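Analysis of the macromolecular model
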Amino acid sequence: MSDHEYTPKSNLGKWFNDRLPLLSLANHLTDYPTPKNLNYWWTFGGILTFCLITQIVTGLTLAMHYIAHADMAFDSVEHIMRDVNYGWLIRYIHANGASMFFLAVYIHIFRSLFYGSYKAPREIIWIIGIIIYLLMMAAAFMGYVLPWGQMSFWGATVITNLFSAIPLVGEGIVTWLWGGYSVDNPTLTRFFTLHYLIPFLILGLVVLHIWALHVPGNNNPVGIDIKKPSKDTVPFHPYIVIKDGFALLMFMIVFAFFVFYTPNILGHADNYIEADPLVTPAHIVPEWYLLPFYAILRSVPDKLLGVVAMLSAILILAALPWLDTSKIRSAVFRPLYKQFYWILVADVLILGYVGAMPAEGLYLLIARVATAYYFLHFLVILPVLGFKEKTLPIPLSITEPVLGGSANMAAARNRESLKN
Amino acid sequence: MKNLFKILLVLLFTLNFTLLKSAEKVEYLKTDWSFKGLFGKFDRGALQRGYQVYTEVCASCHSMKYLSYRNLAEKGGPEFTELEAKAIAASFEVTDGPNTDGEMFTRPAKLSDKFVMPYENVEAAKAANGGAYPPDMSVLIKARGGGADYIYSLLQGYDEPPVGITLDDGVYYNKYMYGNKIKMSAPLSDGIVEYSDGTQASVQQMSKDVTTFLMWAAEPHLEARHQMGFKAIVYLIILTVLVYFSMKKIWSRVETEV
């Protein structure tokens with residue numbers, strides 16, 4: 001893992017490190033050479049780690065007061081909101097934390113798409129990331145079911161019913177998932193169990209994600225391979241630590257605003273109505289972060305194909321390192337890809353918007369076009385673009401982005417020479 | 001690239017606009033809520049009057065099962081004195097027990113008791129109200145899309161049905177109700193309660209007071225939340241500024257901009 005040998009200074013340190021090289025690990029983490037040109041889009045990895053820890057800590061506390069029972073879940077949430085000391089704070093952090101987590105993960109994913117961070121030799125990092133993302137969706141969905149409000153109940157009903165689309169065994173699987181013949185107490189208790197388990201699976205995968213990252217090292221905005229350590233890198237501590245810390249604080253301000261001033265804006269009002277199996281809400285909508293996939297699901301008239309389309313929309317990302325045939329990583333040097341990238345961003349936003357609207361008329365039409373385009377982007381545009389696109393010349397190192405240097409670089413070099 | 005992106009954005013917004021317009025939304029009545037904003041607090045007078053409206057008008061059908069009488073004396077709420085809250089509680093009878101003889105008995109409510117419910121259960125509530133269940137009001141404000149504005153408007157939204165709309169027996173026309181048909185008759189009329197602080201009990205005033213009370217019932221820690229939020233955000237901003245300058249200082253050793 002580490003490029004150089006590390007020996008602790010003290011004898012006790014040496015003794016310990018020979019038996020369990022934790023100090024070597026700590027040394028590797030602090031010295032880890034990081035490209036010095038990383039921009040703020042690279043700070044979301046640290047932010048996501050913060051989100052995960054926040055969710056685990058607040059979740060543990062909530063679990064101490066929450067009761068996973070169909071008759072008591074809703075009451076216990078109100079008990080947390082009213083009578084548990086700072087229960088309202090913990091619950092609002094947890095509920096909004098899920099949204100913040102997804103906000104950060106979407107930025108993280110789209111950063112990767114823009115700068116080609118998924119390309120060789122970082123395919124494994126990317127695929128682990130996709131698995132984490134899938135688990136996040138599962139955890140978020142099950143977490144939304146726990147308050148046992150109307151959206152919880154009906155959301156769970158709609159999503160679990162998707163499995164009935166599987167030929168032959170579908171109905172059986174749904175009954176098995178429910179633990180009965182409808183969403184009920186057994187469903188709630190197993191969702192709670194899984195909701196508690198998944199974050200720790202994610203935590204394990206995050207360790208692998210970072211481990212896999214530390215083998216080739218970070219990609220960077222220029223997207224070229226760099227020598228490590230070199231003039232192009234800075235040690236992780238203190239440079240990246242302080243920069244990530246600064247970005248995290250900015251993120252926390254936004255987070256705090258939601259928690260303290262609009263804690264319910266990202267949720268649905270219907271979830272403050274206790275679950276009632278006899279009353280179906282007018283519109284069943286998932287949380288905002290699942291809307292694009294919900295739109296894809298509903299844009300296909302056939303149930304089974306809809307489910308296949310929705311799952312493919314996520315799983316197609318795992319094949320991305322091979323679908324993108326371009327040798328150049330960063331969109332900075334790919335003028336055409338850059339345009340298609342922004343069209344994809346708009347496409348996903350549109351999908352999210354129509355996902356929140358009733359699936360009829362114009363909305364349905366837009367959803368279908370946007371769904372088709374989503375797959376077109378990954379299955380046709382990206383593979384073809386790699387061969388057709390005329391890319392810009394890439395620099396040899398990040399200190400010399402272009403031969404002769406840009407205006408910025410000239411200024412930087414001037415400053416350097418002044419210092420000397 | 002930038003131009004293309006701009007075009008896309010414009011397209012997106014025009015699209016949104018046309019879609020939203022087709023979805024025709026009802027404009028709710030607006031009023032100046034004291035609990036809105038960064039420093040929003042409840043108006044104590046409105047909360048106390050609102051409680052009066054609730055208990056004298058709404059409570060005959062609507063339960064508030066998550067509230068206890070002690071909440072009435074707690075900080076950030078109507079802040080009745082403890083004696084007042086005890087007196088309010090004592091005016092209700094609750095069933096307790098079993099006692100040492102194994103019998104259930106009734107006694108006056110205490111601060112620790114939950115608000116007494118108007119009906120034994122949901123079925124009894126439905127039976128007494130023509131099949132419609134008067135929803136529990138504890139979190140009602142948060143359970144309706146329009147929130148406080150919606151409840152405030154609804155209470156004042158009773159009107160004669162427009163021509164062409166026929167109403168069944170026990171169904172009323174309300175401008176703001178989803179589908180415009182509501183099974184609750186207009187609950188408020190001028191002077192239906194008599195405020196002890198001399199405030200004129202107009203429908204508008206009572207609507208505002210009881211909605212404020214319901215907002216507190218749904219968010220009893222709203223004031224604490226706003227106060228803590230302000231402190232937390234100020235703290236974060238100061239820390240962010242300090243960390244920013246530390247970062248600048250540290251990165252000045254490298255020629256790259258941060």
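It should be noted that the structure appears before, not after, this text.
Residues numbered from 1 in each chain as written. Chains lettered and ligands numbered in written order. Predicted model: local features only at pLDDT ≥ 70, side-chain atom pairs only at ≥ 80, totals over all residues. Heavy atoms only, no water.

**Some details on the overall build of chain B**
Along its length, chain B carries seven helices and four strands. Rg of the C-alpha trace for chain B: 25 Å, well past the compact-globule value of 18 Å for 258 residues, more than 25% over. Projected onto its principal axes, the C-alpha positions of chain B cover 85 × 55 × 40 Å. The burial tally for chain B puts 40% of its 258 residues in the buried class. Expressed as a percentage of contacts within chain B between residues at least 6 apart in sequence, the contacts between residues at least 24 apart total 59%. Total accessible area on chain B stands at roughly 14600 Å², and carbon and sulfur atoms take up 58% of it. One finds the centroid of the 28 positive side-chain charges in chain B at a distance of 13 Å from the centroid of its 30 negative side-chain charges. (Helix = DSSP H or I, 4+ residues; strand = E, 2+ residues; numbered from the N terminus. Rg over C-alpha atoms; globule rule 2.2 N^0.38 Å. Buried < 20%, exposed > 50% of the residue type's maximum accessible area, 1.4 Å probe, protein only. Contact = heavy atoms within 4.5 Å. Areas by Shrake-Rupley, 256 points an atom, 1.4 Å probe, with all protein chains shown as cover. Lys, Arg positive; Asp, Glu negative; His and termini not counted. Charge placed at Lys NZ, Arg CZ, Asp CG, Glu CD.)

**Considering the overall build of chain A**
Counting its regular elements, chain A contains 16 helices and two strands. Taking 2.2 N^0.38 as the reference for a compact globule, 420 residues should give roughly 22 Å; the C-alpha atoms of chain A span a radius of gyration of 24 Å, in line with that estimate. A principal-axis box enclosing the C-alpha atoms of chain A has dimensions of 75 × 60 × 40 Å. The proportion of buried residues among the 420 residues of chain A is 52%. Counting contacts in chain A only where the partners sit at least 6 residues apart, residues at least 24 apart contribute 79% of the total. A total of about 19700 Å² of accessible surface is found on chain A, and carbon and sulfur atoms cover 71% of it. Distance between charge centres in chain A, computed from 26 positive and 25 negative side chains, equals 15 Å.

**What to know about the nonpolar core**
Grouped together as the largest cluster of nonpolar side chains are 132 residues, with contacts concentrated most on A:Y374 and B:W251. When residues in this core are grouped by element, the largest group, 16 residues, is from helix α5 (residues 87-115) of chain A. Those residues in contact with B:W251 that sit more than four places away from it in its chain are A:K36, A:V234, A:Y239, A:I240, A:I242, A:K243, B:T256 and B:V258. Of all hydrophobic cores here, the second largest spans 47 residues; its members include B:W33, B:Y69, B:A89 and B:L154. (Core = buried A, V, L, I, M, F, W, Y, C linked by side-chain atoms within 4.5 Å.)

**Focus on the packing of aromatic side chains**
Residues and elements named next belong to chain A. Counted by the stated rule, this structure contains 47 aromatic pairs over all chains. Ring plane angle 75 degrees and centroid distance 4.9 Å describe the contact between F114 and Y341, whose orientation is recorded as edge-to-face. A residue pair is termed long-range when its members are at least 10 positions apart, and F114 in helix α5 and Y341 in helix α14 (residues 335-355) qualify at 227 residues. On the basis of relative accessibility, which here comes to 12%, the residue F114 falls in the buried class. Ring plane angle 65 degrees and centroid distance 5.6 Å describe the contact between F141 and F191, whose orientation is recorded as edge-to-face. (Phe/Tyr/Trp six-rings, centres within 6.5 Å; stacked < 30°, edge-to-face > 60°.)

**Looking at the packing of α14(A) against helix α15 (residues 361-388) of chain A**
All names here are of chain A. Two elements in contact, α14 and α15, have axes whose closest approach is 9 Å; the angle formed by their N-to-C orientations is 155 degrees. What the angle tells us is that α14 and α15 run roughly antiparallel. The two elements α14 and α15 cross, and the hand of that crossing is left-handed. Counted together, L336, Y337, F340, Y341, I343, L344, D347, V348, I350, L351, Y353 and V354 of α14 and Y363, I366, A367, A370, T371, Y373, Y374, H377, F378, I381, L382 and L385 of α15 form the full contact between these two elements. Taken together, the residues of the contact of α14 with α15 sort by class into 21 nonpolar, two polar and one charged. (Axes fitted to C-alpha atoms, helices over the stretch in contact; angles between N-to-C directions. Parallel < 35°, antiparallel > 145°, perpendicular 65-115°, else oblique. Left-handed = near helix turned anticlockwise from the far one by under 90°. Nonpolar A, V, L, I, M, F, W, Y, C, P; charged D, E, K, R; others polar.)

**A word on α15(A)**
Along its 28 residues, α15(A) runs 37 Å from first to last C-alpha, staying within 8% of the 40 Å computed at 1.5 Å per residue. The largest bend along α15(A) measures about 45 degrees and falls at A:H377. (Expected span 1.5 Å × (residues − 1). Bend = angle between axes of the 7 residues up to and from the residue.)

**Things to note about unusual backbone geometry**
Along the chain, A:H237 connects to A:P238 via a cis peptide bond; the corresponding omega equals 5 degrees. Topologically, A:P238 is positioned in helix α10 (residues 236-261). With a phi close to 60 degrees, A:W148 is a non-glycine residue in the positive phi region. With respect to the helices, strands and loops of the structure, A:W148 is situated in the loop between α6 (123-145) and α7 (150-161). Its relative accessible area of 5% is what places A:W148 among the buried residues. Positive phi, normally seen in glycine, also occurs at B:N180, with a value near 65 degrees. With respect to the helices, strands and loops of the structure, B:N180 is situated in the loop between β3 (172-173) and β4 (181-182). What makes B:N180 partly exposed here is its relative accessible area of 24%.

**A word on the interface of chain B and chain A**
Contact residues are listed per partner, giving 54 residues for chain B and 54 residues for chain A. Contact between chain B and chain A buries roughly 4700 Å² in total, counting both sides, with carbon and sulfur atoms accounting for 70%. Summed over the shared surface of chain B and chain A, the result is two salt bridges. Two residues, B:K65 and A:E274, come together in a salt bridge whose shortest N-O distance is 3.4 Å. Viewed at the interface, chain A and chain B are joined by 14 residue pairs in polar contact (both at pLDDT 80 or more). (Buried area = accessible area lost by both parts, 1.4 Å probe. Salt bridge = Lys/Arg side-chain N within 4 Å of Asp/Glu carboxyl O. Polar contact = N/O pair within 3.5 Å; in protein donor to acceptor, adjacent residues only side chain to side chain.)

**Comments concerning the packing of α5(A) against α6(A)**
Residue and element names in this part refer to chain A. Where α5 meets α6, the closest approach of the two axes is 12 Å, and the angle between their N-to-C directions is 155 degrees. When the interaxial angle is binned, α5 and α6 end up roughly antiparallel. Crossing geometry of α5 relative to α6 is assigned as left-handed. The segment α5 lies against α6, with F101, F102, V105, Y106, I109, S112 and L113 engaging W126, Y133, M136, M137 and A140. Among the residues making up the contact of α5 with α6, the classes are represented as eleven nonpolar, one polar and no charged.

**Looking at the pattern of salt bridges**
Residue and element names in this part refer to chain A. The tally for this structure, following the rule as stated, stands at 19 salt bridges over all chains. With a closest N to O distance of 3.1 Å, R329 and D225 form a salt bridge. You can see R329 sitting in the loop between α13 (320-323) and α14 and its partner D225 sitting in the loop between α9 (185-214) and β2 (233-235), a full 104 residues away along the chain. The class of R329 is buried, set by a relative accessible area of 8%.

**Topic: the side chain of B:D209**
Residue and element names in this part refer to chain B. With respect to the element layout, D209 can be found in helix α6 (residues 203-218). Judged by relative accessible area, D209 falls into the buried class, the value being 1%. Separated by 2.8 Å, the side chains of D209 and R49 make a polar contact. Leave out the neighbours within four places in its chain, and D209 touches A46, R49, G50 and Y195.

**So, helix α4 (residues 73-82) of chain A**
Within α4(A), eight of the ten residues are buried, which leaves the element mostly enclosed by the surrounding structure. Those residues of α4(A) that fall on the buried side of the exposure criterion are A:A73, A:F74, A:S76, A:V77, A:E78, A:I80, A:M81 and A:R82.

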